[in-house]
Amino acid sequence: MGINIFSLTGRTAVVTGGSRGIGAAIVELFLRYGAKVVFCHARDDAEAQALTARLAGEGLSVSGQECDVADEAAVAAFAQFAKAELGHVDILVNSAGVSGDKAFEAITVADFDHMIDINLRGTFLMTQAFFSEMVERKFGRVINLASQLAYKGAPAMAHYCASKGGVVGFTRALSYDGAPHGVTVNAIAPGPIETAQLAGMTDGWRRLKHAELPIGRFGTVDEIAPVALLLASAAGSYFVGQTLSPNGGDVML
Ligand SMILES: NC(=O)c1ccc[n+]([C@@H]2O[C@H](COP(=O)([O-])OP(=O)(O)OC[C@H]3O[C@@H](n4cnc5c(N)ncnc54)[C@H](O)[C@@H]3O)[C@@H](O)[C@H]2O)c1
């Protein structure tokens, strides 16, 4: 193996939730490592345009489109757009997601459905839009954003933890279907990472979480994107059905 084992030159990638946070860091790193990238986001037009413009200023071309990952028709339209832009899709990163903490008794059915629809159904819909073509082409990488909370749970986060536990199970199951055809399916279960998602949590939650972490700090998006690069590149070709845990020691498996 040469020193280019992390190269994505010649590869094409779709990143959901790529307008900001972890998804945006993955978009940028994949571009820097040579991939052609398309991303989607939910009504983050200003952020998406700012990201696209900043990267264009560095000679890195990327296009983003609004697409609600929970909406079957929108996903079909976005998949068509992505395939038209990229020709075919080698790598799919499902980073679109929402979070939140709410006492269990206060979680409404609508709250629960919203969380599951975006975090789990969205991952299913997006993956289904690209998976068969990966199998036909005998190459593919699916990388799902789970969470360490899928393992350890958290107070007042039953709906979020259920959705992320679902993502871990989905990842394991689908890896059996993909691996014989050169398509690996893996997940990343980050610990608390400083993004808009974390900023939306209550102060009480943040204090509690901080105190739990062996590393003594929250993580950054630049500590997560390299894990996606590992899974997407030749360097990570023997990972199948795994959920990697860049989490500051929050969970030790
Ligand atoms: N930040 C953390 O601490 C943390 C920890 C563990 C796991 N995660 C997971 O990582 C992923 C990224 O989180 P983040 O912190 O970067 O969040 P973020 O809020 O910074 O970004 C979320 C992205 O998802 C997009 N999005 C939201 N709803 C969408 C929808 N319905 N359709 C399409 N796109 C949608 C947003 O437009 C945005 O681009 C999520 O799946 C999240 O659950 C985050």
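If you check an unreviewed UniProt entry, the protein appears there as SDR family oxidoreductase from Hoeflea algicola. UniProt's Sequence similarities (unreviewed entry) comment on the protein is quoted here verbatim: "Belongs to the short-chain dehydrogenases/reductases (SDR) family."

Q: Would you mind going over the site of the ligand in detail, with residue names and values included?
A: Near the ligand you find 30 residues, and of these Ser19, Ile22, Asp44, Ile193 and Thr195 are the closest. In the model, an oxygen atom of the ligand is placed 2.9 Å from a nitrogen or oxygen of the arginine 20 side chain. Measuring from an oxygen atom of the ligand, one finds a backbone N or O atom of isoleucine 22 at 2.7 Å. Notes on the ligand: free accessible area 830 Å², of which the protein chains cover 96%. A majority-of-atoms criterion places the ligand in the largest pocket. Secondary-structure elements contributing two or more residues to the shell around the ligand are helix H1 (21-32), helix H6 (158-178) and helix H7 (196-199). With 3 residues, the top contributor of residues to the shell around the ligand is H7.

Q: Which residues make up the pairing of strand E5 (residues 140-145), and what values do they have?
A: Where burial is concerned, most of E5 is hidden: 6 out of the 6 residues are buried. On E5, burial covers both faces: Gly140, Val142 and Asn144 on one face and Arg141, Ile143 and Leu145 on the other are all buried. Of the crossover connections in this fold, the one passing from strand E4 (residues 91-94) over helix H4 (residues 109-137) to the parallel E5 is right-handed. For E5 and strand E6 (residues 183-188), the ladder comprises 6 bridges, and the chain directions are parallel. By the bridge assignment for E6, glycine 140 is matched with valine 183.

Q: I'd like to hear about the packing of aromatic side chains, residue by residue, with values.
A: One pass over the structure, following the stated rule, counts 1 aromatic pair. Relative to phenylalanine 81, the ring of phenylalanine 78 lies with its centre 6.3 Å away and its plane at 35°, an arrangement referred to as tilted. Of this pair, phenylalanine 78 and phenylalanine 81 both sit in helix H3 (residues 72-86), 3 residues apart, which is roughly one turn of that helix. Cation over ring: arginine 11 sits above phenylalanine 139, and NZ or CZ is 3.7 Å from the ring centre.

What counts as what
- Residues numbered from 1 in each chain as written.
- Predicted model: local features only at pLDDT ≥ 70, side-chain atom pairs only at ≥ 80, totals over all residues.
- Heavy atoms only, no water.
- UniProt positions renumbered as here; feature names shortened; annotations may be inferred.
- Near = heavy atom within 4 Å.
- Polar contact = N/O pair within 3.5 Å; in protein donor to acceptor, adjacent residues only side chain to side chain.
- Areas by Shrake-Rupley, 256 points an atom, 1.4 Å probe, with all protein chains shown as cover.
- 1 Å grid on protein atoms, 1.4 Å probe; cavity = no way out; pocket = protein on both sides within 12 Å on 5 of 7 lines; lining within 4 Å.
- Sits in = over half its atoms within 2 Å of the grid points.
- Helix = DSSP H or I, 4+ residues; strand = E, 2+ residues; numbered from the N terminus.
- Buried < 20%, exposed > 50% of the residue type's maximum accessible area, 1.4 Å probe, protein only.
- Right-handed = clockwise from strand over helix to strand, strands pointing away.
- Pairing = 2+ DSSP bridges.
- Phe/Tyr/Trp six-rings, centres within 6.5 Å; stacked < 30°, edge-to-face > 60°.
- Lys NZ or Arg CZ within 6 Å of the ring centre and 35° of its normal.

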